[in-house]
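# Chains, contacts and geometry: an overview
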Amino acid sequence: MSFNDPFARLPEAASFTVVSTTVTGGAPWSIEQYSGLFGVPGGKDVSPQLSWSGAPEGTKSYAVTVYDPDAPTGSGFWHWAVADIPATVTELPEGAGDDTGSGLPGGAFQLPNDARAARFIGAAPPAGHGPHRYFTVVHALDVDTIGVPADATPAALGFTMAGHILGRAVLTATAETMPG
């Protein structure tokens, strides 16, 4: 596992709280959050339940991202990106990141992840590669809409958000696939 910090060169932002009934920070994902689409036995590609509180004053919308900086790609792997979550929303149900975004609030939309699917893709670290970290981040933004097209990449979303982030709530989960 690498120890790179995906936030090291981003603008400073206030901290607030994100919790989940699906996973505890620092703990492994359950099998539901592994990727059946990428062939992990029992994997279901179910996005985690998320609840957040304490966002900075002036928050007008949120974005949610799930990123694995330890993927052996040279650029990590974006598993999920949701933009334009209204400021009145402080929770996403488990499974909100399905193919249709059925659990997302009105106005919010999913961007294509690194598998080019506009949905949540679960963990699938290569067998024997060691533990991977999955940064689930709720970004509090100072704009009602971030203004990226629905087919933008999560990296383009991050670049566009950089000057609009008021706060960042981070929950880190892990996953590992054993050889054999």
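Rules and cut-offs
- Residues numbered from 1 in each chain as written.
- Predicted model: local features only at pLDDT ≥ 70, side-chain atom pairs only at ≥ 80, totals over all residues.
- Heavy atoms only, no water.
- Helix = DSSP H or I, 4+ residues; strand = E, 2+ residues; numbered from the N terminus.
- Rg over C-alpha atoms; globule rule 2.2 N^0.38 Å.
- Buried < 20%, exposed > 50% of the residue type's maximum accessible area, 1.4 Å probe, protein only.
- Areas by Shrake-Rupley, 256 points an atom, 1.4 Å probe, with all protein chains shown as cover.
- Lys, Arg positive; Asp, Glu negative; His and termini not counted.
- Charge placed at Lys NZ, Arg CZ, Asp CG, Glu CD.
- Contact = heavy atoms within 4.5 Å.

### So, the overall build of the protein chain
Scanning the protein chain for helices and strands turns up one helix and nine strands. Helices and strands in the protein chain line up, N terminus first, as β-β-β-β-β-β-β-β-α-β. Radius of gyration (C-alpha) of the protein chain: 15 Å, near the 16 Å computed for a compact globule of 180 residues. Residues counted as buried form 47% of the 180 residues belonging to the protein chain. Carbon and sulfur atoms form 56% of the exposed surface of the protein chain, whose accessible area is close to 8100 Å². Charge centroids of the protein chain, computed over 7 positive and 17 negative side chains, lie 4 Å from each other.

### Describing the environment of Ala-127
Its place among the elements puts Ala-127 in the loop between strand E7 (109-110) and strand E8 (132-141). Separated by 15 residues in the primary sequence, Ala-127 and Asp-142 have C-alpha atoms spaced 41 Å apart. In this structure, Ala-127 is in contact with Thr-177, Met-178 and Pro-179, ignoring residues within four places of it in sequence.

### What about unusual backbone geometry?
A positive phi angle is found at Asp-45, which is not glycine, with a value near 55 degrees. Mapping Asp-45 onto the fold places it in the loop between strand E2 (17-19) and strand E3 (50-53).

### Looking at the environment of Ala-71
Looking at the element boundaries, Ala-71 is found in the loop between strand E4 (61-68) and strand E5 (77-86). Sequence-wise, Ala-71 and Ala-124 are 53 residues apart; in three dimensions their C-alpha atoms are separated by 9.1 Å. Once residues lying within four places of it in the same chain are set aside, the contact partners of Ala-71 are Gly-76, Phe-77 and His-132.

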